[in-house]
Amino acid sequence: MSYCVNCGVELDATASFCPLCHTPVVNPKQPVDTVSPPPFPTRRGEVPPVSKWELALLLSAMLASVAVCCGILNLFFVPERTWSLYIIGAALMLWLWFVPPLLLRGMPMLVRLLVDVLAVAVYVLLIAVDLDGMDWYLSLALPIILWGGACVFFLGALMGGGKRSILSSITLVIGTIGVFLIGLEIFIDRVVLGRWEPGWSLVVLTVCVALVIPLVVVRRVSSLREEVRRRFHM
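Since the model is a prediction, treat every value here as computed from it, not as a measurement. The residue numbers shown here count from 1 along each chain, following its written sequence. A pLDDT threshold of at least 70 governs which residues receive local features in this predicted model, and a stricter bar of 80 or more applies before side-chain atom pairs are shown or counted, although totals over entire chains, interfaces and linings include all residues. Based on all heavy atoms of the structure, the side-chain values leave hydrogens and waters out of the count.

Undergrad: Explanation requested: the overall build of the chain in the structure shown.
TA: Summing up its helical and strand segments, the chain has six helices and two strands in all. When its helices and strands are written in sequence order, the chain yields β-β-α-α-α-α-α-α. Residues classed as buried in the chain amount to 27% of the 234 residues present. The accessible surface values rely on the Shrake-Rupley method and a 1.4 Å probe; as for residues, cover is taken only from the protein chains in view. If you sum the accessible surface of the chain, you get close to 16400 Å²; carbon and sulfur atoms cover 71% of it. Each helix is a run of DSSP H or I of at least 4 residues and each strand a run of E of at least 2, with the numbering of both proceeding from the N terminus. Only protein chains enter the calculation, and the probe is 1.4 Å; a residue is then buried if its accessible area is under 20% of its type maximum, exposed if over 50%, and partly exposed in between.

See below:
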């Protein structure tokens, strides 16, 4: 058995150089075995990446298969209810969520958000069709979905404008939640009462503001300390 003269690692009989430090092996008493196979691959190999198109095709086939099978089953099992629309809508929503972003890596955030909001809107629409509830869909569900999408887009635009600290991100998330709940209560009151009567959403907004104020103060103090430290070292 040979050992590397440089690092001392134990060498295989087929090794012509040290696999650790690449020092050539010279041992007159034990020439290199060029007949036996080496204990490890001599050429670097890479696992071929998974094709995005094949993965997208697989996901599409799986979701389409579930949707078609449930649609056919609906013809024989409880045919008086279009319960399969729930599953078909969920399959369509999942397809819109995963397949287009998989194939279009450079898709802008606004386009991705519009696709996601469209997926949710279509899914809730199918539920409304099954429940014969187009009135509540148009007057309540669709505005809430669009308002939620607008809040998420606003939050993404603020957080995507550069690298932000954890405190800044938490502040933006809490503030966006408070604003979204204000709009949620407005839509609900408009449908139920015909007008907006400020209530629980203002309480939640107050709590969000109370949570945001300390975060803003801590963030501001940290920024001032960093600025003072930078000037001191200069």
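Undergrad: Explain the confidence of the model for the chain to me, please; I cannot follow it from the model alone.
TA: Caution is warranted with low-pLDDT regions, since their predicted coordinates should not be read in detail. Per-residue confidence for the chain gives a mean pLDDT of 79, with 83% of residues at or over 70. Confidence of the predictor at the level of single residues is captured by pLDDT, which takes values from 0 to 100. Averaged over each element, pLDDT in the chain is lowest for strand E1 (residues 2–3) (72) and highest for helix H1 (residues 52–74) (89).

Undergrad: Would you explain the packing of H1 against helix H2 (residues 84–103) in this entry?
TA: Relative placement of two packed helices is described by the angle separating their axes and the distance separating the axes. Note on method: axes are straight lines fitted to C-alpha atoms, helices fitted across the in-contact stretch only, with angles between N-to-C directions ranging 0 to 180 degrees. Packing of H1 against H2 brings their axes to within 9 Å, and their N-to-C directions diverge by 175 degrees. Put simply, H1 runs roughly antiparallel to H2. Contacts from Lys52, Trp53, Leu55, Ala56, Leu59, Ser60, Leu63, Val66, Ala67, Cys70, Gly71 and Asn74 of H1 reach H2 at Ser84, Ile87, Ile88, Ala91, Leu94, Trp95, Val99, Leu102 and Leu103. For this classification, under 35 degrees means roughly parallel, over 145 means roughly antiparallel, 65 to 115 means roughly perpendicular, and everything else is oblique. We call two residues contacting when some pair of their heavy atoms lies within 4.5 Å.

Undergrad: What should I look at first to understand the packing of helix H3 (residues 109–131) against helix H4 (residues 134–159) in this one?
TA: Interaxial distance between H3 and H4 falls to 10 Å at its minimum, and their mutual angle equals 160 degrees. Relative to H4, the element H3 lies roughly antiparallel. When the axes of H3 and H4 are compared, the crossing they make is right-handed. On the side of H3, the interface is formed by Met109, Leu110, Leu113, Val117, Val120, Ala121, Val124, Leu125, Ala128 and Val129, while H4 contributes Met134, Trp136, Tyr137, Ala141, Leu142, Ile145, Leu146, Gly149, Val152, Phe153, Gly156 and Ala157. Polarity classes work like this: nonpolar for Ala, Val, Leu, Ile, Met, Phe, Trp, Tyr, Cys and Pro, charged for Asp, Glu, Lys and Arg, and polar for all others, with Gly in that last group. Across the contact of H3 with H4, the residue classes tally to 20 nonpolar, two polar and no charged. Handedness of a helix crossing follows the sense of rotation of the near helix relative to the far helix, less than a right angle counterclockwise being left-handed and clockwise being right-handed.

Undergrad: How do you make sense of the nonpolar core when you look at a structure like this?
TA: In terms of nonpolar packing, the biggest core is built from eight residues, these being Leu113, Val117, Ala121, Val124, Ala128, Tyr137, Ala141 and Ile145. In terms of residue count, H3 provides more of this core than any other element does, five residues in total. Excluding residues within four positions of it along the chain, Ala141 makes contact with Val124 and Trp136. Put simply, buried Ala, Val, Leu, Ile, Met, Phe, Trp, Tyr and Cys residues joined by side-chain atoms within 4.5 Å make one nonpolar core.

Undergrad: What's the story with the pattern of salt bridges in this structure? I'm lost.
TA: Opposite charge on two side chains permits them to pair, given that their charged atoms come into close proximity. Salt bridge, as used here: a side-chain nitrogen of Lys or Arg that lies within 4 Å of a carboxyl oxygen of Asp or Glu. Summed over the entire model, instances satisfying the criterion amount to one salt bridge. The partner of Arg195 in a salt bridge is Glu197, and the shortest N-O contact between them spans 2.5 Å. Residue classification places Glu197 among the partly exposed residues on the basis of a relative accessible area of 35%.

Undergrad: Can you help me understand H1 in this one?
TA: Since the α-helix advances by 3.6 residues per turn, residues separated by three or four positions end up pointing in the same direction. The span you would expect from a helix comes to 1.5 Å times its residue count less one. Taking 1.5 Å per residue, 23 residues should reach 33 Å; H1 reaches 33 Å between its end C-alpha atoms and fits that length. Residues of H1 that are buried: Ala56, Leu63, Ala67, Cys70 and Asn74.

Undergrad: I keep staring at unusual backbone geometry and nothing clicks. Help me out?
TA: With the exception of glycine, the majority of residues adopt a negative phi angle, and the majority of peptide bonds are in the trans configuration. With a phi angle near 50 degrees, Val78 is a residue other than glycine that sits in the positive phi range. Summarising the element assignment, Val78 is placed in the loop between H1 and H2.

Undergrad: Even after reading the chapter, I still don't get a nonpolar patch on the surface, so can you show me in this structure?
TA: The residues that make up patches have over 30% relative accessible area and no salt bridge, and they are joined within 9 Å when like-charged or within 5 Å when they are Val, Leu, Ile, Met, Phe, Trp or Tyr. Among the surface-exposed residues, Ile188, Val191, Val192, Leu193 and Trp200 lie close enough to one another that they form a single nonpolar patch of about 430 Å² accessible area. Structurally, the position occupied by Trp200 is in helix H6 (residues 200–233).

Undergrad: Before we go on, may I ask you to explain the side chain of Asp189 in this structure?
TA: Among the structural elements, Asp189 can be located in helix H5 (residues 166–192). Arg195 provides the closest opposite charge to the buried, salt-bridge-free Asp189, at an N-O distance of 8.3 Å. Beyond its immediate sequence surroundings of up to four residues, Asp189 is in contact with Gly194, Arg195, Trp196 and Glu197. A positive count includes Lys and Arg, and a negative count includes Asp and Glu. His and the chain ends are not counted in either.

Undergrad: Quick question: what am I supposed to make of H3 here?
TA: End to end, H3 covers 33 Å across 23 residues, agreeing with the expected 33 Å (1.5 Å per residue, within 8%). Buried within H3 we find Leu113, Val115, Val117, Ala119, Ala121, Val124, Leu126, Ile127, Ala128 and Asp130. Where H3 is buried, its residues meet H2 and H4. One or two steps after H3, the chain reaches Asp132, where phi turns positive at roughly 55 degrees.

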